[in-house]
Amino acid sequence: MLKGKNIVVGVAGGISAYKVVDVVSRLKKQGANIYVIMTKAATNFVTPLTFREISGHPVVVDMWAEATNWNVEHIALASRADLFLLAPATGNIIGKIANGIADDMLSTTVMATTAPILMVPAMNTNMYLNTIVQQNISKLTQLDYYFMDPDCGKLACGTEGVGRLPEPEAIVEKVIEILKTNHDFTGKKILITAGGTQEAIDPVRYIGNRSSGKMGYALAEVAAHRGAKVTLISGPTHLVSPPGVTIEFVQSASQMQDAVLAHFAESDIVIKAAAVADYRPQSMSEHKIKKTGETLHLILEKNPDILLQLGHLKKHQILVGFAAETQDLLVHAQDKLTRKNLDMIVANDVTIPGAGFNTDTNIAKLLYRDGRIEELPQMSKKRLAEVILDKIHIECRK
Ligand code: PMT
(Lines give C-alpha, C1' and ligand atoms only; values in the text may rest on other atoms or scores of the structure.)
Protein backbone atom coordinates (compact mmCIF):
# COMPACT_ATOMS: atom_id res chain seq x y z
CA MET A 1 0.00 0.00 0.00
CA LEU A 2 2.83 2.41 0.82
CA LYS A 3 5.40 0.93 -1.57
CA GLY A 4 8.18 3.40 -2.34
CA LYS A 5 6.74 6.17 -0.15
CA ASN A 6 9.29 8.12 1.90
CA ILE A 7 7.99 8.72 5.39
CA VAL A 8 9.96 10.69 7.94
CA VAL A 9 8.97 9.78 11.49
CA GLY A 10 9.73 12.39 14.13
CA VAL A 11 9.78 11.00 17.67
CA ALA A 12 9.55 13.46 20.55
CA GLY A 13 10.15 12.78 24.23
CA GLY A 14 7.06 11.08 25.60
CA ILE A 15 6.52 7.74 27.27
CA SER A 16 4.48 6.51 24.29
CA ALA A 17 7.59 6.72 22.08
CA TYR A 18 7.87 2.96 22.58
CA LYS A 19 4.58 2.46 20.68
CA VAL A 20 6.07 4.27 17.69
CA VAL A 21 8.51 1.39 17.25
CA ASP A 22 5.47 -0.70 16.32
CA VAL A 23 4.17 2.08 14.04
CA VAL A 24 7.50 2.15 12.20
CA SER A 25 7.51 -1.62 11.88
CA ARG A 26 3.96 -1.63 10.44
CA LEU A 27 4.73 1.18 7.98
CA LYS A 28 7.81 -0.71 6.85
CA LYS A 29 5.72 -3.86 6.27
CA GLN A 30 3.46 -1.75 4.01
CA GLY A 31 6.50 -1.04 1.81
CA ALA A 32 7.38 2.49 2.95
CA ASN A 33 10.95 3.78 3.40
CA ILE A 34 11.14 5.06 6.95
CA TYR A 35 13.63 7.62 8.25
CA VAL A 36 13.50 8.40 11.95
CA ILE A 37 14.53 11.64 13.63
CA MET A 38 14.44 11.71 17.44
CA THR A 39 14.65 14.54 19.91
CA LYS A 40 17.26 14.16 22.61
CA ALA A 41 14.46 13.71 25.16
CA ALA A 42 12.98 10.85 23.11
CA THR A 43 16.21 8.87 23.50
CA ASN A 44 15.45 8.62 27.24
CA PHE A 45 12.46 6.44 26.35
CA VAL A 46 13.71 4.41 23.36
CA THR A 47 17.24 4.10 22.02
CA PRO A 48 18.10 5.23 18.50
CA LEU A 49 19.47 1.75 17.96
CA THR A 50 15.96 0.29 18.27
CA PHE A 51 14.59 2.59 15.58
CA ARG A 52 17.66 1.96 13.42
CA GLU A 53 17.11 -1.79 13.55
CA ILE A 54 13.39 -1.52 12.81
CA SER A 55 13.59 1.14 10.09
CA GLY A 56 16.77 -0.17 8.48
CA HIS A 57 18.23 3.35 8.37
CA PRO A 58 20.46 5.33 10.73
CA VAL A 59 18.61 7.59 13.14
CA VAL A 60 19.45 11.28 13.47
CA VAL A 61 19.28 12.98 16.86
CA ASP A 62 22.01 15.57 17.25
CA MET A 63 22.02 18.57 14.94
CA TRP A 64 25.57 19.39 16.03
CA ALA A 65 27.06 15.96 15.49
CA GLU A 66 29.89 15.88 12.97
CA ALA A 67 28.26 16.04 9.51
CA THR A 68 28.30 12.76 7.67
CA ASN A 69 26.91 11.94 4.24
CA TRP A 70 24.03 10.36 6.01
CA ASN A 71 23.17 13.53 7.96
CA VAL A 72 23.11 15.63 4.79
CA GLU A 73 20.93 13.09 3.00
CA HIS A 74 18.61 12.96 5.93
CA ILE A 75 18.01 16.69 5.79
CA ALA A 76 17.41 16.43 2.04
CA LEU A 77 14.54 14.13 2.98
CA ALA A 78 12.67 17.16 4.25
CA SER A 79 11.99 17.98 0.61
CA ARG A 80 11.76 14.38 -0.65
CA ALA A 81 9.38 13.16 2.07
CA ASP A 82 5.91 12.12 0.97
CA LEU A 83 4.71 12.50 4.54
CA PHE A 84 6.10 13.64 7.89
CA LEU A 85 4.68 11.77 10.88
CA LEU A 86 5.25 13.27 14.31
CA ALA A 87 4.49 10.80 17.10
CA PRO A 88 4.29 11.25 19.96
CA ALA A 89 3.78 14.97 19.39
CA THR A 90 4.43 16.44 22.83
CA GLY A 91 3.13 19.80 24.03
CA ASN A 92 6.68 21.08 23.68
CA ILE A 93 7.24 20.12 20.02
CA ILE A 94 3.72 21.30 19.06
CA GLY A 95 4.47 24.63 20.75
CA LYS A 96 7.81 25.01 19.00
CA ILE A 97 6.40 24.29 15.56
CA ALA A 98 3.37 26.53 16.08
CA ASN A 99 5.70 29.38 17.01
CA GLY A 100 8.36 28.92 14.35
CA ILE A 101 11.08 27.67 16.68
CA ALA A 102 13.66 25.37 15.08
CA ASP A 103 16.36 24.54 17.63
CA ASP A 104 17.01 20.83 17.10
CA MET A 105 17.12 18.37 14.24
CA LEU A 106 13.44 17.45 14.46
CA SER A 107 11.96 20.96 14.62
CA THR A 108 14.42 22.16 11.95
CA THR A 109 13.47 19.38 9.54
CA VAL A 110 9.75 19.96 10.13
CA MET A 111 10.27 23.63 9.28
CA ALA A 112 12.09 22.70 6.07
CA THR A 113 9.57 20.20 4.73
CA THR A 114 6.80 20.85 2.25
CA ALA A 115 5.29 17.39 2.75
CA PRO A 116 1.97 16.91 4.55
CA ILE A 117 2.59 16.70 8.30
CA LEU A 118 0.58 14.39 10.55
CA MET A 119 0.82 15.21 14.26
CA VAL A 120 -0.24 12.60 16.80
CA PRO A 121 -0.39 14.32 20.20
CA ALA A 122 0.10 12.23 23.34
CA MET A 123 0.50 13.72 26.79
CA ASN A 124 -1.10 14.13 30.21
CA THR A 125 -4.79 15.13 30.02
CA ASN A 126 -4.37 18.54 31.65
CA MET A 127 -1.44 19.34 29.39
CA TYR A 128 -3.45 18.34 26.31
CA LEU A 129 -6.45 20.41 27.38
CA ASN A 130 -4.28 23.38 28.35
CA THR A 131 -5.53 26.44 26.48
CA ILE A 132 -2.11 27.25 25.06
CA VAL A 133 -1.64 23.72 23.70
CA GLN A 134 -5.16 23.81 22.22
CA GLN A 135 -4.48 27.21 20.65
CA ASN A 136 -1.26 25.86 19.14
CA ILE A 137 -3.13 22.85 17.73
CA SER A 138 -5.84 25.08 16.33
CA LYS A 139 -3.23 27.40 14.76
CA LEU A 140 -1.45 24.47 13.10
CA THR A 141 -4.76 22.96 11.94
CA GLN A 142 -5.52 26.21 10.15
CA LEU A 143 -2.09 25.98 8.54
CA ASP A 144 -3.03 22.58 7.08
CA TYR A 145 -1.24 20.32 9.56
CA TYR A 146 -3.12 17.06 10.07
CA PHE A 147 -3.91 16.01 13.65
CA MET A 148 -5.19 12.79 15.18
CA ASP A 149 -7.15 13.05 18.42
CA PRO A 150 -5.49 11.22 21.30
CA ASP A 151 -7.31 8.22 22.79
CA CYS A 152 -8.90 8.18 26.23
CA GLY A 153 -7.77 5.75 28.92
CA LYS A 154 -5.18 5.10 31.58
CA LEU A 155 -2.14 7.34 31.22
CA ALA A 156 1.47 6.70 32.20
CA CYS A 157 1.21 9.36 34.91
CA GLY A 158 -1.36 7.20 36.72
CA THR A 159 -4.44 9.27 35.86
CA GLU A 160 -7.23 8.49 33.42
CA GLY A 161 -8.40 10.72 30.60
CA VAL A 162 -7.69 11.90 27.10
CA GLY A 163 -4.03 11.92 26.03
CA ARG A 164 -3.03 8.37 25.07
CA LEU A 165 -1.27 7.81 21.79
CA PRO A 166 -3.78 6.14 19.43
CA GLU A 167 -3.13 2.49 18.65
CA PRO A 168 -0.40 1.87 16.05
CA GLU A 169 -2.85 0.41 13.50
CA ALA A 170 -5.00 3.57 13.70
CA ILE A 171 -1.93 5.74 13.06
CA VAL A 172 -0.93 3.60 10.08
CA GLU A 173 -4.50 3.81 8.71
CA LYS A 174 -4.40 7.59 8.95
CA VAL A 175 -1.04 7.69 7.14
CA ILE A 176 -2.48 5.54 4.35
CA GLU A 177 -5.59 7.73 4.16
CA ILE A 178 -3.53 10.92 3.76
CA LEU A 179 -1.20 9.42 1.18
CA LYS A 180 -3.78 7.66 -0.89
CA THR A 181 -6.23 10.53 -1.27
CA ASN A 182 -3.98 12.01 -3.91
CA HIS A 183 -5.49 10.42 -7.01
CA ASP A 184 -9.00 9.45 -6.00
CA PHE A 185 -10.62 11.73 -8.62
CA THR A 186 -8.67 10.40 -11.58
CA GLY A 187 -10.96 10.14 -14.61
CA LYS A 188 -13.54 12.55 -13.14
CA LYS A 189 -14.47 15.84 -14.78
CA ILE A 190 -15.18 18.56 -12.24
CA LEU A 191 -16.66 21.93 -13.07
CA ILE A 192 -16.02 24.61 -10.44
CA THR A 193 -17.09 28.26 -10.31
CA ALA A 194 -15.24 30.90 -8.31
CA GLY A 195 -15.22 34.59 -7.56
CA GLY A 196 -17.93 37.19 -7.86
CA THR A 197 -19.71 38.34 -10.99
CA GLN A 198 -19.67 41.97 -12.08
CA GLU A 199 -22.83 43.47 -13.58
CA ALA A 200 -22.06 46.51 -15.70
CA ILE A 201 -23.80 49.82 -15.01
CA ASP A 202 -21.80 51.80 -17.56
CA PRO A 203 -18.34 51.36 -19.16
CA VAL A 204 -16.58 52.20 -15.85
CA ARG A 205 -18.89 50.97 -13.08
CA TYR A 206 -20.43 47.70 -12.03
CA ILE A 207 -22.40 46.01 -9.28
CA GLY A 208 -20.22 43.40 -7.63
CA ASN A 209 -19.62 41.61 -4.35
CA ARG A 210 -16.76 40.80 -1.97
CA SER A 211 -15.82 37.35 -3.29
CA SER A 212 -12.07 37.00 -3.84
CA GLY A 213 -12.28 33.61 -5.56
CA LYS A 214 -10.09 31.98 -2.86
CA MET A 215 -12.62 29.26 -1.98
CA GLY A 216 -13.26 28.21 -5.58
CA TYR A 217 -9.56 28.34 -6.53
CA ALA A 218 -8.68 26.17 -3.52
CA LEU A 219 -11.27 23.62 -4.66
CA ALA A 220 -9.91 23.67 -8.21
CA GLU A 221 -6.31 23.25 -7.03
CA VAL A 222 -7.10 20.37 -4.69
CA ALA A 223 -9.37 18.59 -7.21
CA ALA A 224 -6.67 18.79 -9.91
CA HIS A 225 -4.08 17.56 -7.42
CA ARG A 226 -6.33 14.58 -6.70
CA GLY A 227 -6.40 13.65 -10.36
CA ALA A 228 -9.59 15.31 -11.62
CA LYS A 229 -9.85 17.09 -14.96
CA VAL A 230 -10.91 20.49 -13.69
CA THR A 231 -12.60 23.34 -15.55
CA LEU A 232 -12.74 26.51 -13.48
CA ILE A 233 -15.16 29.24 -14.48
CA SER A 234 -13.88 32.32 -12.73
CA GLY A 235 -15.14 35.81 -12.18
CA PRO A 236 -12.47 38.53 -12.13
CA THR A 237 -9.91 37.85 -9.35
CA HIS A 238 -6.34 38.74 -8.42
CA LEU A 239 -5.39 35.11 -7.88
CA VAL A 240 -2.82 33.01 -9.70
CA SER A 241 -4.44 30.28 -11.82
CA PRO A 242 -4.08 26.90 -10.10
CA PRO A 243 -1.71 24.49 -11.88
CA GLY A 244 -3.24 21.81 -14.10
CA VAL A 245 -6.64 23.53 -14.28
CA THR A 246 -8.43 24.76 -17.43
CA ILE A 247 -9.66 28.22 -16.60
CA GLU A 248 -12.24 30.41 -18.34
CA PHE A 249 -12.77 33.97 -17.19
CA VAL A 250 -16.19 35.60 -17.22
CA GLN A 251 -17.54 38.87 -15.91
CA SER A 252 -21.28 38.77 -15.62
CA ALA A 253 -23.74 36.19 -14.34
CA SER A 254 -25.08 35.60 -17.82
CA GLN A 255 -21.53 34.94 -19.14
CA MET A 256 -21.03 32.54 -16.23
CA GLN A 257 -24.31 30.85 -17.12
CA ASP A 258 -23.19 30.34 -20.75
CA ALA A 259 -19.79 28.96 -19.69
CA VAL A 260 -21.27 26.62 -17.08
CA LEU A 261 -23.97 25.30 -19.42
CA ALA A 262 -21.37 24.67 -22.14
CA HIS A 263 -19.49 22.28 -19.81
CA PHE A 264 -22.34 20.84 -17.75
CA ALA A 265 -23.27 17.78 -19.82
CA GLU A 266 -19.71 16.43 -19.84
CA SER A 267 -19.13 17.06 -16.11
CA ASP A 268 -19.37 14.41 -13.39
CA ILE A 269 -19.30 16.86 -10.48
CA VAL A 270 -20.21 20.56 -10.30
CA ILE A 271 -19.22 22.75 -7.36
CA LYS A 272 -20.61 26.27 -7.39
CA ALA A 273 -18.50 28.38 -5.02
CA ALA A 274 -19.00 31.58 -7.03
CA ALA A 275 -20.96 34.50 -5.63
CA VAL A 276 -23.31 35.25 -8.49
CA ALA A 277 -25.12 38.59 -8.51
CA ASP A 278 -28.83 37.98 -8.15
CA TYR A 279 -29.71 41.21 -9.99
CA ARG A 280 -28.17 43.26 -12.82
CA PRO A 281 -28.92 46.70 -14.23
CA GLN A 282 -31.77 46.40 -16.72
CA SER A 283 -29.64 48.20 -19.29
CA MET A 284 -26.03 49.27 -19.44
CA SER A 285 -25.44 52.91 -20.24
CA GLU A 286 -23.33 53.22 -23.41
CA HIS A 287 -21.36 56.12 -21.89
CA LYS A 288 -20.16 56.97 -18.39
CA ILE A 289 -23.14 58.22 -16.39
CA LYS A 290 -22.59 61.87 -15.47
CA LYS A 291 -23.04 63.32 -12.00
CA THR A 292 -26.11 65.41 -12.77
CA GLY A 293 -28.60 64.93 -9.94
CA GLU A 294 -28.68 64.37 -6.17
CA THR A 295 -29.92 60.83 -6.64
CA LEU A 296 -29.51 58.18 -9.29
CA HIS A 297 -32.08 55.45 -9.88
CA LEU A 298 -31.01 52.13 -11.26
CA ILE A 299 -33.56 49.58 -12.36
CA LEU A 300 -32.34 46.08 -11.67
CA GLU A 301 -33.65 42.87 -13.19
CA LYS A 302 -33.21 39.33 -12.00
CA ASN A 303 -30.22 37.33 -13.16
CA PRO A 304 -30.65 33.68 -14.07
CA ASP A 305 -30.13 31.36 -11.10
CA ILE A 306 -27.52 29.09 -12.67
CA LEU A 307 -27.53 26.50 -9.92
CA LEU A 308 -31.31 26.22 -9.94
CA GLN A 309 -31.12 25.60 -13.66
CA LEU A 310 -28.46 22.90 -13.19
CA GLY A 311 -30.66 21.26 -10.56
CA HIS A 312 -33.39 20.88 -13.20
CA LEU A 313 -31.00 19.67 -15.91
CA LYS A 314 -29.10 17.28 -13.63
CA LYS A 315 -28.79 13.67 -14.78
CA HIS A 316 -25.73 11.74 -13.52
CA GLN A 317 -24.00 14.81 -12.08
CA ILE A 318 -23.22 15.36 -8.40
CA LEU A 319 -24.23 18.93 -7.65
CA VAL A 320 -22.70 20.89 -4.77
CA GLY A 321 -23.72 24.44 -3.96
CA PHE A 322 -22.62 27.01 -1.42
CA ALA A 323 -24.83 29.22 0.73
CA ALA A 324 -23.43 32.54 1.91
CA GLU A 325 -25.72 33.85 4.62
CA THR A 326 -25.77 36.55 7.27
CA GLN A 327 -28.70 35.14 9.30
CA ASP A 328 -30.67 31.88 9.69
CA LEU A 329 -27.82 30.01 8.02
CA LEU A 330 -29.27 26.51 8.26
CA VAL A 331 -32.82 27.48 7.28
CA HIS A 332 -31.66 29.24 4.10
CA ALA A 333 -29.07 26.59 3.26
CA GLN A 334 -31.65 23.79 3.68
CA ASP A 335 -34.06 25.66 1.41
CA LYS A 336 -31.38 26.05 -1.29
CA LEU A 337 -30.36 22.40 -1.00
CA THR A 338 -33.92 21.24 -1.63
CA ARG A 339 -35.10 23.87 -4.12
CA LYS A 340 -31.97 23.66 -6.27
CA ASN A 341 -31.94 19.82 -6.16
CA LEU A 342 -28.40 19.61 -4.75
CA ASP A 343 -26.53 16.63 -3.32
CA MET A 344 -24.74 18.74 -0.75
CA ILE A 345 -24.55 22.39 0.24
CA VAL A 346 -21.66 24.14 2.01
CA ALA A 347 -23.16 26.75 4.30
CA ASN A 348 -21.02 29.62 5.56
CA ASP A 349 -22.10 32.49 7.77
CA VAL A 350 -20.15 35.32 6.18
CA THR A 351 -20.51 37.60 9.22
CA ILE A 352 -18.21 35.43 11.38
CA PRO A 353 -14.54 36.52 11.47
CA GLY A 354 -12.42 33.91 9.68
CA ALA A 355 -15.33 32.78 7.49
CA GLY A 356 -16.70 33.74 4.09
CA PHE A 357 -15.45 36.45 1.78
CA ASN A 358 -11.79 37.21 1.14
CA THR A 359 -10.38 35.28 4.09
CA ASP A 360 -7.83 32.47 3.95
CA THR A 361 -9.95 30.35 6.29
CA ASN A 362 -13.60 29.37 6.38
CA ILE A 363 -16.09 27.92 8.86
CA ALA A 364 -18.64 25.72 7.19
CA LYS A 365 -21.55 23.43 7.82
CA LEU A 366 -22.20 20.65 5.33
CA LEU A 367 -25.84 19.75 4.68
CA TYR A 368 -26.79 16.54 2.89
CA ARG A 369 -29.97 15.45 1.12
CA ASP A 370 -30.84 12.95 3.85
CA GLY A 371 -31.02 15.72 6.45
CA ARG A 372 -27.60 15.18 8.04
CA ILE A 373 -25.63 18.26 9.02
CA GLU A 374 -21.90 18.24 9.73
CA GLU A 375 -20.32 21.19 11.51
CA LEU A 376 -16.69 21.84 10.64
CA PRO A 377 -14.25 23.91 12.69
CA GLN A 378 -12.39 26.89 11.27
CA MET A 379 -9.82 25.68 8.76
CA SER A 380 -7.91 26.94 5.75
CA LYS A 381 -9.90 27.12 2.52
CA LYS A 382 -7.50 24.55 1.10
CA ARG A 383 -8.21 22.12 3.90
CA LEU A 384 -11.96 22.78 3.55
CA ALA A 385 -11.60 22.01 -0.16
CA GLU A 386 -10.00 18.66 0.82
CA VAL A 387 -12.85 17.92 3.21
CA ILE A 388 -15.54 18.85 0.65
CA LEU A 389 -13.92 16.54 -1.91
CA ASP A 390 -13.63 13.75 0.68
CA LYS A 391 -17.34 14.11 1.40
CA ILE A 392 -18.24 14.15 -2.28
CA HIS A 393 -16.18 10.99 -2.68
CA ILE A 394 -17.77 9.13 0.22
CA GLU A 395 -21.17 10.62 1.00
CA CYS A 396 -22.59 11.61 -2.36
CA ARG A 397 -22.16 8.12 -3.79
CA LYS A 398 -24.45 6.51 -1.22
O1 PMT B 1 -14.45 33.83 -2.93
P2 PMT B 1 -14.07 33.94 -1.47
O3 PMT B 1 -13.62 35.32 -1.09
O4 PMT B 1 -13.11 32.87 -1.06
O5 PMT B 1 -15.39 33.72 -0.61
C6 PMT B 1 -16.01 32.47 -0.57
C7 PMT B 1 -17.53 32.57 -0.68
C8 PMT B 1 -18.10 33.30 0.54
C9 PMT B 1 -17.92 33.35 -1.96
C10 PMT B 1 -18.07 31.11 -0.77
O11 PMT B 1 -17.70 30.43 0.40
C12 PMT B 1 -19.59 31.07 -0.95
O13 PMT B 1 -20.33 31.06 0.01
N14 PMT B 1 -20.05 31.06 -2.22
C15 PMT B 1 -21.47 31.17 -2.56
C16 PMT B 1 -21.87 32.63 -2.55
C17 PMT B 1 -23.31 32.83 -2.93
O18 PMT B 1 -23.58 33.47 -3.91
O19 PMT B 1 -24.18 32.20 -2.18
P20 PMT B 1 -25.80 32.27 -2.43
O21 PMT B 1 -26.34 31.74 -1.16
O22 PMT B 1 -26.20 33.63 -2.86
O23 PMT B 1 -26.06 31.28 -3.63
C24 PMT B 1 -26.35 29.89 -3.43
C25 PMT B 1 -25.74 29.06 -4.53
O26 PMT B 1 -26.39 29.36 -5.77
C27 PMT B 1 -24.26 29.29 -4.74
O28 PMT B 1 -23.66 28.03 -5.00
C29 PMT B 1 -24.21 30.20 -5.98
O30 PMT B 1 -23.02 29.97 -6.74
C31 PMT B 1 -25.44 29.78 -6.74
N32 PMT B 1 -26.09 30.87 -7.52
C33 PMT B 1 -26.58 31.96 -6.87
C34 PMT B 1 -27.23 32.95 -7.58
C35 PMT B 1 -27.35 32.80 -8.98
N36 PMT B 1 -27.94 33.74 -9.70
N37 PMT B 1 -26.83 31.73 -9.59
C38 PMT B 1 -26.22 30.75 -8.88
O39 PMT B 1 -25.76 29.76 -9.46
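First things first, this report covers the structure right here in the doc.

Parameters and conventions
Residues numbered from 1 in each chain as written. Predicted model: local features only at pLDDT ≥ 70, side-chain atom pairs only at ≥ 80, totals over all residues. Heavy atoms only, no water. Near = heavy atom within 4 Å. Polar contact = N/O pair within 3.5 Å; in protein donor to acceptor, adjacent residues only side chain to side chain. Areas by Shrake-Rupley, 256 points an atom, 1.4 Å probe, with all protein chains shown as cover. 1 Å grid on protein atoms, 1.4 Å probe; cavity = no way out; pocket = protein on both sides within 12 Å on 5 of 7 lines; lining within 4 Å. Sits in = over half its atoms within 2 Å of the grid points. Helix = DSSP H or I, 4+ residues; strand = E, 2+ residues; numbered from the N terminus.

1. Observations concerning the site of the ligand
Item 1. Taken together, 28 residues form the shell around the ligand, and within it Ser211, Ser212, Lys336, Asn348 and Asn358 come nearest.
Item 2. Between the ligand and Lys272 there is a distance of 2.7 Å, counted from an oxygen atom to a backbone nitrogen or oxygen.
Item 3. For the ligand, a nitrogen atom lies 2.9 Å from a polar atom in the backbone of Pro304.
Item 4. Look at the ligand: alone it shows 770 Å² of surface, and the protein chains cover 96% of it.
Item 5. Judged by the proximity of its atoms to the pocket grid, the ligand belongs to the largest pocket.
Item 6. Breaking the shell around the ligand down by element, the ones donating at least two residues are α9 (214-225), α11 (306-313) and β16 (318-325).
Item 7. Ranked by residue count, the leading element in the shell around the ligand is β16, at 5 residues.

2. Observations regarding unusual backbone geometry
Item 1. Of note, the amide linkage connecting Ala87 to Pro88 takes the cis form, showing an omega dihedral of -10°.
Item 2. With respect to the element layout, Pro88 can be found in strand β3 (residues 83-89).
Item 3. The residue Asp144 is not glycine, and still its phi comes out positive at about 75°.
Item 4. Structurally, Asp144 is set in the loop between α7 (131-142) and β5 (146-147).
Item 5. Of note in the backbone geometry, Asp328 takes a positive phi value of approximately 45° without being a glycine.
Item 6. Within the secondary structure, Asp328 sits in the loop between β16 and α12 (329-339).

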